[in-house]
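# Commentary on secondary and tertiary structure
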Amino acid sequence: MLDSLAIKKDFIFFLKEKLGFNDNEIYINQNIVLKNKDKTLIEKFLKQKEEGVPLDYILNSSKFYEYDFYVDSRVLIPRPETEILVDYINNHFLSPIKVLDAGTGSGCIGISIALKNPNFKVYGSDYSKDALDVAFINKKNLLVKNFLPIRANWLSCFSEDCFDLIVSNPPYISEGDSHLDELIHEPNIALVSKDSGLFHIKKIIKQSSKVLKNGGTLVIEHGHDQSEVVKEIFEKNYFSKIINIKDLQLIPRITIGTLER
Ligand code: GLN
C-alpha cells in the first residue's frame, strides 16, 4: 500500500506528529503492538492518502510563518508565497495601525501580523461562517488578543476611512483553470473567481479605496499572470506608488499600493 516515497515520508511524519512514535519505535523496534485506537487512525490515514487528501488536512496542522495553524477542509492550506506577503508587512509597518485581513480563512495572515505586532489592531473578515470558525480556533490556540474575526461580505460592513492597511489573499483562479484539478480537496470559494479570476480582486480594490484612510496601504496577492492588470485596477481606483513583490519562482505575485484620493 505504501508504494511511493512521498507516501512513506508522509506516513512517518504522521506516525511521529499524530501518534507520538519516536525514531526507535519506527525504524528499530518494528514489532510494536499497536493500540486499537492507533490502528483506526492509521487505517484512516491510508484511506485519506489514497483519496489524495493533503497531509496538512490529515494532520489538521499547517506551518505558516513561525506558527502552527489548525486547518481542515473549511479553509485553504496556507502557501509559502503568502509568507512573503506577511514578511513584507512585518518589516514595513512599525507604529500602531489598524489592519484588515479581508477573506481571512484560517486567519493565517491576520494572526501572523497580530502576533508579530502586539501594538496593531487586526481584524480578519470572512463571509464563510465555516472559515470564521477555523479563524476563531486559531485565535484561541495561538492566544492572539489583538486579532478579531468578523463575518462580512468582503469590506461591505466597514465604514469609510477605517483602516491604515488592508491585506488580502482573495480567490483569483479563473473558472475552469486546469490548476484546480490538483486542488479538489480545498474550498472552491477560497480559490475561484469569475471574470478571469479578477472579480474579487476588483471588488476589494474598489471597496478599499473607500474603507482605507487616505495614505493607507493595500496589499493583494494574485495569480502569476495578473500583475499588469492588477496594477491598472489599482491606478483606476486612486492608488499610487505601486510596487510588486515576487514569489519564490521570481514571478510578481503581490501588488502593493498607497491610496491618494
Ligand atoms: N495560491 C493558490 C494556488 O495557486 C491559490 C490561492 C488563492 O486563490 N488565493 O494554489
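Report follows, based on the coordinates. Since the model is a prediction, treat every value here as computed from it, not as a measurement. (Residues numbered from 1 in each chain as written. Predicted model: local features only at pLDDT ≥ 70, side-chain atom pairs only at ≥ 80, totals over all residues. Heavy atoms only, no water.)

Another point: the overall build of the chain. Within the chain one finds 10 helices and 11 strands. Computed over C-alpha atoms, the radius of gyration of the chain comes to 20 Å, within 12% of the 18 Å expected from 2.2 N^0.38 for 261 residues, which places it in the range of a compact globule. Buried residues in the chain amount to 50% of all 261 residues. Within the chain, contacts between residues at least 6 apart in sequence are counted, and of these 63% link residues at least 24 apart. (Helix = DSSP H or I, 4+ residues; strand = E, 2+ residues; numbered from the N terminus. Rg over C-alpha atoms; globule rule 2.2 N^0.38 Å. Buried < 20%, exposed > 50% of the residue type's maximum accessible area, 1.4 Å probe, protein only. Contact = heavy atoms within 4.5 Å.)

Around the ligand, the surrounding shell holds 14 residues, and the nearest of these are Arg79, Asn169, Pro170, Tyr172 and His179. His179 has a polar side-chain atom sitting 3.0 Å from an oxygen atom of the ligand. Leu191 places a main-chain nitrogen or oxygen 3.5 Å from an oxygen atom of the ligand. Against a free-state accessible area of 300 Å², the protein chains account for coverage of 92% of the ligand. One can see that the ligand is located within the second largest pocket. For the shell around the ligand, a count of residues per class yields 8 nonpolar, 2 polar and 4 charged. (Near = heavy atom within 4 Å. Polar contact = N/O pair within 3.5 Å; in protein donor to acceptor, adjacent residues only side chain to side chain. Areas by Shrake-Rupley, 256 points an atom, 1.4 Å probe, with all protein chains shown as cover. 1 Å grid on protein atoms, 1.4 Å probe; cavity = no way out; pocket = protein on both sides within 12 Å on 5 of 7 lines; lining within 4 Å. Sits in = over half its atoms within 2 Å of the grid points. Nonpolar A, V, L, I, M, F, W, Y, C, P; charged D, E, K, R; others polar.)

Spatially, 5-4-3-6-9-11-10 is the arrangement adopted by the 7 strands of the open sheet, whose pairing is mixed. Pairing within the sheet leaves two strands with one partner each, and these edge strands are strand 5 (147–151) and strand 10 (239–246). Strand-to-strand twist across the sheet, computed as the mean angle between neighbouring axes with direction ignored, equals 20°. With 5 bridges connecting them, strand 9 (residues 212–221) and strand 11 (residues 252–259) associate as antiparallel partners. For Ile220, the partnering residue across the bridge sits in strand 11 and is Thr255. Strands in contact with helix 10 (residues 227–236) are strand 9, strand 10 and strand 11; relative to strand 10, the strand with the most contacts, it is inclined by about 160°. (Pairing = 2+ DSSP bridges. Axes fitted to C-alpha atoms, helices over the stretch in contact; angles between N-to-C directions.)

Mapped onto the elements of the fold, Asn146 is located in the loop between helix 7 (129–141) and strand 5. In this structure the side chain of Asn146 is engaged in a polar contact, spanning 3.0 Å, whose partner is the backbone oxygen of Phe120. Apart from the residues within four sequence positions on either side, Asn146 is in contact with Ala114, Asn117, Pro118, Phe120, Lys121 and Val122.

If you walk through the whole model with that rule in mind, you get 16 salt bridges. The shortest N-O distance in the salt bridge between Lys63 and Asp68 comes to 2.9 Å. Since its relative accessible area comes to 41%, Asp68 is described here as partly exposed. (Salt bridge = Lys/Arg side-chain N within 4 Å of Asp/Glu carboxyl O.)

With that settled, consider the packing of aromatic side chains. On inspection of all chains with the given rule, the structure shows 8 aromatic pairs. Ring centres 6.1 Å apart and planes at 70° place the aromatic pair Phe64 and Phe69 in the edge-to-face group. Ring centres of Phe234 and Phe239 lie 5.2 Å apart, and the angle between their planes is 65°; this geometry places the pair in the edge-to-face category. For the residue pair Phe234 and Phe239, the accessibility class agrees, reading buried in each case. When the ring centre of Tyr127 is taken as reference, the NZ or CZ atom of Arg151 above it lies at 5.4 Å. (Phe/Tyr/Trp six-rings, centres within 6.5 Å; stacked < 30°, edge-to-face > 60°. Lys NZ or Arg CZ within 6 Å of the ring centre and 35° of its normal.)

Further remarks concern the state of the cysteines. This structure, assessed with the given rule, holds 0 disulfides. The cysteine Cys157 is free of any disulfide, with Cys162 supplying the nearest cysteine sulfur at 8.5 Å. (Disulfide = S-S within 2.5 Å.)

The volume enclosed by the largest pocket comes to roughly 580 Å³. Tallied by class, residues from the lining of the largest pocket come to 16 nonpolar, 12 polar and 6 charged. The space that makes up the second largest pocket amounts to roughly 460 Å³. Within the lining of the second largest pocket, the residues separate by chemical class into 9 nonpolar, 7 polar and 7 charged. (Points joined across faces, edges and corners; volume = space filled by probe spheres on them.)

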